[in-house]
Structures are given as C-alpha cells and as structure tokens.
Amino acid sequence: MKLYAHPFSSYSQKVLIALYENATPFDYQNLEEPAANAELAALWPLKRFPVLLDEGRCILESSTIIAHLQAHHPGPVSLIPAGDTGLEVQMLDRVFDNYVMTPMQKVVLDALRPVDDRDRYGVMQARELLDQIYSWLDQRLEGRHWMAGAGFTLADCAAAPSLFYADWAHEIPSTHARLRAYRARLLSQPSVVRVVNEARPFRHYFPLSAPARD
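These notes cover the structure that comes with them. These numbers were taken from a predicted model, which means no experiment stands behind them.

With that out of the way, let us pick up helix H1 (residues 10-21). Relative to the 16 Å expected for twelve residues at 1.5 Å per residue, H1 spans 16 Å between its end C-alpha atoms, a close match to the ideal helical length. Counting buried positions along H1 gives eleven out of twelve residues, so the element sits mostly inside the fold. Ser10, Ser12, Gln13, Lys14, Val15, Leu16, Ile17, Ala18, Leu19, Tyr20 and Glu21 are the residues of H1 that are buried. Those residues of H1 that are buried are in contact with strand S1 (2-5), strand S2 (27-30), helix H3 (62-72), helix H4 (83-111), helix H6 (154-169) and helix H8 (190-199).

Listed below in structure tokens is the structure:
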C-alpha cells in the first residue's frame, strides 16, 4: 500500500494513527517530496490528502481509508466495532471532523489570508462553534477513558489531531477538565506521540505560532 500524506496534516495524522495502532505496513509517500505530489495529482485531480493506493484501488477521505484498512488489512485493534458501538464511533468521528476540525481550519486558514481579505465574522462563528462543541464533548466524556468508552477507536483517531490543533487555535477552557484530560491522554498514546513527533519539523507552517506547551 502507498499512503500519500503530509506529516503536519491533521487528516493525514488521523490515518497514520490508525496505521500505527495496528502496525500495518505501508509505503509512506511524504508530500514534502515533489515526486509524491506529482503521483498524487495523477491519482486525484483535487490533490487533497490523504489518499491510499491499495492494489490499484484509490481510496479517498480519511474515514473511508480507515474503514478500508479494517475491512482489508485488519489488525489486533478493531477501530470500528460491530453493532451500536460502531455506529456511535462513526457518529463521533463525523462530529470531530465537522465540528472540531472544520472550525479549527477556518481560524487557521483565515490567518493565512492577506489582512484585507480576512473574514472576521466567519472566524468569530468558528470560535463560537468550538466553544459549543468543547462543552458537549466535555459532558460526553463523563465516565469514559476514550471517546466511545474503554477501547481506542476511529473516534479517537479523529479526536487526536483535531483537538491537538484546535487547542492551539482556540484553547480549551480550564473549566472543561474532562476534555483537557482526554486530550492529554491522546497525546500520551504511542501512535499519537509518533505522529506528533513526525510533524515537529513542520510547526513553522502553523500561522498562529505553535504554543510551547506541546
């Protein structure tokens, strides 16, 4: 398998965490390399990533890639459990992508715009959405070690990079102790430690400046 990904990309990290959790062998096509970018462009004209190439099949979108890995390259960790637990895991995965990752990226990408083209109102809305979802997640975590319960799942693969960067863009308030503790647990998980360390050389890409605490 070939994975076209960038170490600093939150969605790339989501898939890398899943691969590392199960020690799944793959060929890492790092998009810092021009040749990898050229191959990606030939596979997927939008050039969004990550993209997985597996025996001629081109798999797009991080959640679908992880589902493909579970179906075709299963390991000891079942990241999408069967039954109702699996449905909750997939729901929470979408929550992190849509309501943490998306508003976080709004704040970050706006900082990359020329000053005259910035969207102050859109950024305010994104920050309000992050405040709302932080509160919801903090309540949801009551009595839970990982996001969907006792086991590490797809929901945690999505949570790790989204909360990692969201806290940089719009810090999780100290009043949300459960959510802050959960983020700390994620950052101590070996697969997450690995993706964070792989991304360290690229922190200068973050336009709001990366805080020293991580």
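As a further point, take the packing of H6 against helix H7 (residues 177-188). It is at 10 Å that the axes of H6 and H7 come closest, and there the two elements cross at 110 degrees. It follows from the interaxial angle that H6 and H7 lie roughly perpendicular. Relative to H7, the crossing made by H6 is left-handed. Residues Ala155, Asp156, Ala159, Ala160, Leu163, Phe164, Asp167 and Trp168 of H6 touch H7, and the partners they reach there are Leu179, Tyr182, Arg183, Leu186 and Leu187. A breakdown of the residues in the contact of H6 with H7 according to their chemical character gives ten nonpolar, no polar and three charged.

A few words on the layout of surface pockets. Roughly 870 Å³ of volume is contained in the largest pocket. Lining the largest pocket are 26 residues; nearest its centre among them are Ser9, Ser10, Tyr11, Phe49 and Gln105. Elements supplying a minimum of two residues to the lining of the largest pocket: H1, H3 and H4. Looking at which element gives the most residues to the lining of the largest pocket, the answer is H4, with seven residues. Taken together, the residues that form the lining of the largest pocket break down as 14 nonpolar, seven polar and five charged.

Glancing now at the side chain of glutamate 21. Here glutamate 21 lies in helix H1. Although glutamate 21 lies buried, it forms no salt bridge, and the closest oppositely charged side chain, arginine 194, sits 10 Å away as judged by the N-O distance. At 2.5 Å, the side chain of glutamate 21 forms a polar contact with the side chain of serine 191. Every residue in contact with glutamate 21, bar those within four places of it in the chain, is listed here: Val77, Phe152, Gln189 and Ser191.

Moving on: the environment of glutamate 33. Take glutamate 33: it is sitting in the loop between S2 and helix H2 (34-43). What makes glutamate 33 partly exposed here is its relative accessible area of 46%. Put simply, glutamate 33 and histidine 6 are 27 residues apart on the chain and 9.6 Å apart in space, counted from C-alpha to C-alpha.

Counting 58 residues, the largest nonpolar core has Phe96, Leu163 and Tyr182 as the members making the most contacts within it. Mapped onto this core, the elements with two or more residues apiece are S1, H1, H3, H4, helix H5 (120-140), H6, H7 and H8. Among the elements that line this core, the one with the most residues is H6, at twelve residues. Residues contacting tyrosine 182, with those up to four places away along its chain left out, are Phe96, Leu141, His145, Trp146, Met147, Ala155, Asp156, Ala159 and Leu163. Residues Tyr4, Leu31, Ala36 and Val51 belong to the second largest nonpolar core, which totals five residues.

Scoring rules and cut-offs
Residues numbered from 1 in each chain as written. Predicted model: local features only at pLDDT ≥ 70, side-chain atom pairs only at ≥ 80, totals over all residues. Heavy atoms only, no water. Helix = DSSP H or I, 4+ residues; strand = E, 2+ residues; numbered from the N terminus. Expected span 1.5 Å × (residues − 1). Buried < 20%, exposed > 50% of the residue type's maximum accessible area, 1.4 Å probe, protein only. Contact = heavy atoms within 4.5 Å. Axes fitted to C-alpha atoms, helices over the stretch in contact; angles between N-to-C directions. Parallel < 35°, antiparallel > 145°, perpendicular 65-115°, else oblique. Left-handed = near helix turned anticlockwise from the far one by under 90°. Nonpolar A, V, L, I, M, F, W, Y, C, P; charged D, E, K, R; others polar. 1 Å grid on protein atoms, 1.4 Å probe; cavity = no way out; pocket = protein on both sides within 12 Å on 5 of 7 lines; lining within 4 Å. Points joined across faces, edges and corners; volume = space filled by probe spheres on them. Lys, Arg positive; Asp, Glu negative; His and termini not counted. Salt bridge = Lys/Arg side-chain N within 4 Å of Asp/Glu carboxyl O. Polar contact = N/O pair within 3.5 Å; in protein donor to acceptor, adjacent residues only side chain to side chain. Core = buried A, V, L, I, M, F, W, Y, C linked by side-chain atoms within 4.5 Å.

As far as function goes, none of this settles anything; it's purely spatial.
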